[in-house]
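Listed below are the residues making up each chain.
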Amino acid sequence: MGNLFKIAIRNLLRYKRRTMLTASLITVGVVFVLVFISVSGSFKNMMIGQITDSMLGHMQVHRKGYVASIENLPLTLNLKPEEITRLEDVLNSQSGVEAYSPRIKFGGGFSNFAETTNIRLNGVFPEKEFRTVPLLYSRFISGEKDIKKGEIIVPELLAKGMNVSIGDMVVVVATNKDGSVNGKQFKVGGILQSAVGPGGRDGYIHIEDAREILRMDEPEISEVAVRLKDFGSLNRFNGKLMGLLSKDMNSQGKPVFEVHTWETLSPFYNIARMIDVMTFFIKLMLIAIVLISIMNVMIMAVYERIREIGTIAAIGTLPGKILSMFVIEGFCLGIAGAVIGNIVGVSIIIILNLLKITFNFGQQTGLLLVAKITPSDLLFISITVIIVSVIASLQPAFKASRMEPIEALRHV
Amino acid sequence: MSLIVAENIQKYYQVGEIRVTALKGVSFEIEPSSFVSFVGPSGSGKTTLLNLIGCLDKPTDGKLTVADTDVLHLDRKQSASFRGSNIGFIFQDFNLIPVLTVYENIEYPLLMVQSVPASERNKRVNTLLDAVGMTDQKDKYPDQISGGQKQRVAVARALVTNPKLVLADEPTANLDHKTAYMVIDLMKKMRDEFNTTFLFSTHDQKIVGEAEIIFTLEDGELKGKDVTGGKGNG
């Protein structure tokens, strides 16, 4: 086998310029794919991180039917105390859960005593909320980065529009599920930067203040946002949690809970999917580049060496060995392209990170591009290139191995 | 017992709608360790006959036995194995592998065809390098040596597997007269040293005389057999 490699490498070096051009083409393809994967992957992960860690959580649990009417924030579809207890028992028993945060979500009027506008509010337990959506801290533009009783955290655009700032007194008016209206005065405790995605322009108050405004007789909640220890296990855990909660039925024999991951709650999941699809097509392009370039160079190699093939066949080289010789040439070209491509690609990724490139995402500006490539990505790309190189060599190699020595020797 | 037995060998080629007759019922026998030449003008069927004996082609009709093997019924893979074990080839254009050195070219059949162990390979290649006087050129590539040297390497490559038979199709056609004689002398010397049967085709009358047995072909027919003893006339 070592001798087959030796002959293959020498044959490749025999046409240095052509070999370099082909290897360069593969290298460029590999570099392009690696840089694209790292940059798009970085953007995708940042986008998902921003959506899940600053507002949505990794997944949410609601009363069945709530998500279908989520735009209305229906107070009639809140979870009751016994259901909350059951849900908390289940979540507390799961080692995969890092944190969860019960929320009361409602819409109301926001007044600075001069003018009034609409606001969507989340009533939360601050400690639980900050543990579940840790990027919420970083969204505080001003204020103490806390959600105290009697204080309201106002979204940036609303604060600007209503001309309110830290320490100002405002009034929130809301209608409860029975239709009665109630109001409560709050001090502006913080201004929040807007986040992209559902709930990204909501305000925050303490959950007890929310219950007071909504005049709740018992501690109901609208949803529970859940954060997992391992984001990669999201779909597995989602299935598990759905299984555990599906046993809970209401008096009509229908499920009490519904469980959704961020993917079904945020439209940005489609963007993430689009990035995946684009990555897939970029990989397809790489395969096409490798396939065509290797096949082209191997067809030329076979054509140029017909007499040599005739000679080695005449002196008794078996067809299988002739096939191996050409397949190994393609294999070596693939390896060269993959290795050089990996080295150049990783170098470019390192340089991109050293340049500290920033970009904007929605209202969030100056987000740092952290291009990342995993060893498994490098391995996958390399193996794909090598396998495609071998496949591309097969047809010319097969043709070489099937040549009649007498005809090959006559070739001029 | 004869090394080669050919009985009424016929070979036709179909070129478009025309059937070309290359050999018309050729019969002969060749004994082991012979030094045989096939002579005749271009198109007389010399190369066709050598190709048939070398299992590179199959006769249309007739019977052909080489080294006790009925070569007509060998399939593609069996033919390759048979050639690798029993036949050495010397080509008019030398046909050395350009990416291999002189040493590696001679070693090639042992390595890629017969899978001979390294120590044995080394011994056989060095013996032949010495025999053909190419030891000091062993690390050179084919494009770094002369035509005569290339053909000496080709002779060594043909002999390295200890074949029963070496076939040489116009081995001196691309060489000057002096070098051609040197190559023929070398082939004879190798025959004497290794007891290998040499069959070569040529139309060079001076070289022909070096053969011990001369078969004359004309228009695909065997016209005569001369046993000269290889005294030569050049």
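About the thresholds
- Residues numbered from 1 in each chain as written.
- Chains lettered and ligands numbered in written order.
- Predicted model: local features only at pLDDT ≥ 70, side-chain atom pairs only at ≥ 80, totals over all residues.
- Helix = DSSP H or I, 4+ residues; strand = E, 2+ residues; numbered from the N terminus.
- Rg over C-alpha atoms; globule rule 2.2 N^0.38 Å.
- Contact = placed C-beta atoms within 7 Å.
- Core = buried A, V, L, I, M, F, W, Y, C linked by C-beta atoms within 7 Å.
- Buried ≥ 20, exposed ≤ 12 C-beta atoms within 10 Å, placed from the backbone.
- Pairing = 2+ DSSP bridges.
- Axes fitted to C-alpha atoms, helices over the stretch in contact; angles between N-to-C directions.
- Parallel < 35°, antiparallel > 145°, perpendicular 65-115°, else oblique.
- Left-handed = near helix turned anticlockwise from the far one by under 90°.
- Nonpolar A, V, L, I, M, F, W, Y, C, P; charged D, E, K, R; others polar.
- Expected span 1.5 Å × (residues − 1).
- Domains from an automatic or database assignment.

**Some words on the overall build of chain B**
When its secondary structure is counted, chain B shows seven helices and ten strands. At 17 Å, chain B has a C-alpha radius of gyration in line with the 17 Å of a compact globule built from 234 residues. Counting only C-alpha atoms and orienting by the principal axes, one finds that chain B spans roughly 50 × 40 × 40 Å. When contacts within chain B are restricted to residue pairs at least 6 apart in sequence, long-range pairs at least 24 apart make up 70% of them.

**Looking at the interface of chain B and chain A**
Taken residue by residue, the interface counts 18 residues in chain B and 18 residues in chain A. Looking at the side of chain B that touches chain A, the elements with two or more residues in it are helix 2 (76–86) and helix 3 (102–113) of chain B.

**Some remarks on the nonpolar core**
Within the largest apolar cluster, 114 residues are counted, with the highest numbers of intra-cluster contacts made by Val30 of chain A together with Ile106, Val155, Ala156, Leu167 and Leu199 of chain B. In terms of residues, this core owes the most to one element, helix 11 (residues 319–354) of chain A, which gives eleven residues. Other than its neighbours up to four places away in sequence, alanine 156 of chain B contacts Ile106, Leu128, Leu129, Ala131, Val132 and Met134 of chain B. One finds Phe106, Ile152, Ala174 and Tyr204 of chain A within the second-largest nonpolar core, a separate group that totals 55 residues.

**Here we look at the pairing of strand 1 (residues 4–15) of chain B**
Residues and elements named next belong to chain B. Note that strand 1 and strand 4 (residues 61–66) share five bridges and pair antiparallel. Of the residues in strand 4, the one forming a bridge with alanine 6 is leucine 64. Pairing geometry for strand 1 and strand 2 (residues 18–30), over ten bridges, is antiparallel. Across the sheet, residue isoleucine 9 finds its bridge partner in strand 2, namely valine 26.

**As for the sheet that holds strand 4 of chain B**
Through backbone hydrogen bonds, the strands of a sheet pair up, either in parallel or in antiparallel fashion. The strand order 2-1-4-5 (chain B) describes an open sheet built from four strands, whose pairing is antiparallel. With one partner strand each, in any of the chains shown, strand 2 and strand 5 (69–70) of chain B form the two edges of the open sheet.

**Some thoughts on the environment of asparagine 126 of chain B**
When you line up the elements, asparagine 126 of chain B lands in helix 4 (residues 118–131). Expressed as a C-alpha distance, the spacing of asparagine 126 of chain B and glutamate 193 of chain B, which sit 67 residues apart in the sequence, is 15 Å.

**What to know about the packing of helix 2 (residues 16–56) of chain A against helix 11 of chain A**
Residue and element names in this part refer to chain A. At a closest axis distance of 7 Å, the pairing of helix 2 and helix 11 adopts a crossing angle of 40°. Here helix 2 lies oblique to helix 11, going by the angle between them. The two elements helix 2 and helix 11 cross, and the hand of that crossing is right-handed. Counted together, Thr19, Thr22, Ala23, Ile26, Thr27, Val30, Val31, Leu34, Val35 and Ser38 of helix 2 and Leu333, Gly334, Ala336, Gly337, Ala338, Ile340, Gly341, Asn342, Val344, Gly345, Ile348 and Ile349 of helix 11 form the full contact between these two elements. Here the residues of the contact of helix 2 with helix 11 are counted per class, giving 13 nonpolar, nine polar and no charged.

**Observations concerning helix 5 (residues 147–159) of chain B**
Residues and elements named next belong to chain B. The end-to-end C-alpha distance of helix 5 is 18 Å, a good match for the 18 Å that 13 residues give at a rise of 1.5 Å each. Within helix 5, burial applies to Gln149, Lys150, Gln151, Arg152, Val153, Ala154, Val155, Ala156, Arg157, Ala158 and Leu159. Of the surrounding elements, those touching the buried residues of helix 5 are strand 6 (87–90), helix 3, helix 4, strand 7 (165–169) and helix 6 (177–194).

**Points about unusual backbone geometry**
Residues and elements named next belong to chain B. The phi dihedral of aspartate 68 falls on the positive side, at around 65°, and the residue is not glycine. The residue aspartate 68 is located in the loop between strand 4 and strand 5 in this model. On the neighbour-count criterion, aspartate 68 (11 C-beta atoms within 10 Å) is exposed. The phi torsion at asparagine 95 lies on the positive side, around 50°, for a residue other than glycine. With respect to the element layout, asparagine 95 can be found in the loop between strand 6 and helix 3. On the basis of neighbour count, asparagine 95 is assigned to the buried category, with 22 C-beta atoms found within 10 Å.

**Let's talk about the domain arrangement of chain A**
Partitioning chain A into structural domains gives domain 1 (2–51 + 270–410) and domain 2 (65–255). Summarising the inter-unit geometry, the C-alpha centres of domain 1 of chain A and domain 2 of chain A are found 51 Å apart.

**Things to note about the sheet that holds strand 6 of chain B**
Residue and element names in this part refer to chain B. The sheet built from six strands is open, its strands ordered 6-7-8-3-9-10 with mixed pairing. On the outer flanks of this sheet lie strand 6 and strand 10 (221–227), each paired with one strand and no other. The average undirected angle you get between the axes of adjacent strands in this sheet is 20°. For strand 7 and strand 8 (residues 197–202), the ladder comprises five bridges, and the chain directions are parallel. Looking at the pairing, valine 166 lines up with phenylalanine 198 of strand 8. Sitting on the sheet, helix 5 is in contact with strand 6 and strand 7, with an inclination near 170° to strand 6.

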